[in-house]
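Fold and geometry: a report
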Amino acid sequence: MTTADATTTRAVVVERRVPHSLDKVWRALTQGPLLESWLMANDFQPVVGHRFTFRMPPMEGWNGVTDCEVLSVAPQRELSYTWNASGEEAATGIRTVVTWTLEAEAGGVLVRMEQSGFRPQDKRNEMGAKYGWERNLGQLEAVVAGMQ
Amino acid sequence: MHSAPDDVFKALADPTRRALLERLLREGELNVRALTEQSGVSQPAVSKHLGVLRQAGLVLERPQGRVVHYRAEPKGFAPLTDWMRFYAVFWEERMDRLENLLKRMDQ
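In short, a report on the structure. (Residues numbered from 1 in each chain as written. Chains lettered and ligands numbered in written order. Predicted model: local features only at pLDDT ≥ 70, side-chain atom pairs only at ≥ 80, totals over all residues.)

Things to note about the sheet that holds strand E2 (residues 59–64) of chain B
All names here are of chain B. Strand order in the open sheet made by the three strands is E1-E3-E2, with antiparallel pairing throughout. Here the strands that pair on one side only, and so sit at the sheet edges, are strand E1 (30–31) and E2. Contacts between helix H2 (residues 15–27) and the sheet are confined to E1, E2 and strand E3 (67–72), with E3 contributing the most and set at about 85° to the helix. (Pairing = 2+ DSSP bridges. Helix = DSSP H or I, 4+ residues; strand = E, 2+ residues; numbered from the N terminus. Contact = placed C-beta atoms within 7 Å. Axes fitted to C-alpha atoms, helices over the stretch in contact; angles between N-to-C directions.)

Observations regarding H2(B)
All names here are of chain B. For H2, spanning 13 residues, the distance from its first C-alpha to its last is 18 Å, which sits close to the expected 18 Å at 1.5 Å a residue. Buried residues along H2 sit in contact with helix H1 (7–12), E1, helix H3 (32–36), helix H4 (43–55), E2 and E3. After H2 finishes, the residue Gly28 shows a positive phi value of roughly 85°. (Expected span 1.5 Å × (residues − 1).)

As for the packing of helix H1 (residues 22–30) of chain A against helix H6 (residues 83–104) of chain B
Taken N-terminus to C-terminus, the directions of H1(A) and H6(B) make an angle of 125°; their axes are 10 Å apart at the nearest point. By the angle between their directions, the pair H1(A) and H6(B) is classed as oblique. Crossing of H1(A) against H6(B): the hand is right-handed. Residues Lys24(A), Val25(A) and Ala28(A) of H1(A) form the contact with H6(B), whose participating residues are Leu98(B), Leu101(B) and Leu102(B). (Parallel < 35°, antiparallel > 145°, perpendicular 65-115°, else oblique. Left-handed = near helix turned anticlockwise from the far one by under 90°.)

Considerations on the pairing of strand E5 (residues 78–85) of chain A
All names here are of chain A. Strand direction decides the pairing type here: strand E4 (residues 65–74) and E5, joined by six bridges, are antiparallel. In the strand pairing of E5, Asp67 is matched with Asn84. Between the antiparallel neighbours E4 and E5 lie three residues, among them Gln76 with a positive phi of about 60°. Sheet topology places E5 next to strand E6 (residues 95–105); seven bridges connect them, and they run antiparallel.

Encoded structure:
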C-alpha cells in the first residue's frame, strides 16, 4: 500500500509481470479501442489535459460514469489520469488518481497500477442496508457478474 | 492494499449461495433442513454453502440443541459498500483482461 497523504487517503496497487514488449503494453493502455476491450468504454486520448470518461452500465449506488483528465504521458514509461465520480455523485463521490508505471524487465514488463486518494468517507451510498439488498439481489447479480 | 482474494465476492459468485442468502434475507432465521427444501441440492451441499457464506461474514449461526439456525448478516455486505475494496477487486479482474488482450495482440 502507498499513501499520498498518510493521514487521510489510501491507495490500491496492483502489479503484474507480463511477457510482452513495452510498446505493446503501452498501446493496450493508450489506444481507445484496445483500452475499451479490457477496461471500459472511453474517449481517452494520450494528451495531457484531455478530459474524458470511462463508462460502465449503471448499478445500485453508482451511475457508472467516471470523469477523468489526463495528468501525465511519458510514452512507454508512465501514464496518469484523474478518476473521479461524475454527475450528481461528483460533489461527494471519489476523487482519485490512477497512475500506470511500466518498467522493462528481462523477458517482459512490470505493469503497475496505483489508484490513490481514497478517503475514509468513500463509501457507496444506499448499499449494505438489509432492505436495500432484499429489493436488489438482482442487481447484486449484475455487480458480481461484472467482477468475474 | 494488495487485494487478497475477496471472500465476499467469491461467496456471492455462486448462484446456489445467492439463492440461499436471498431466502434468509426474506424469511429470517432457518435451519439447514428448511433451507434444503426448495434449494435443489443435497443437505450436505447446503451445509457446505452455508459454511462459505458464514466464512465470508454474510451469514450468522445460532446453535440450539442439535439444530443450528442460520440468518443473514447485513453487515457482511460492508465490503461491497467500500469503494476502495470495490476497486481492489475491479483492478485485479481488469488486469486479467489486460493480460488476455496482450496475448491476443500481434508482435
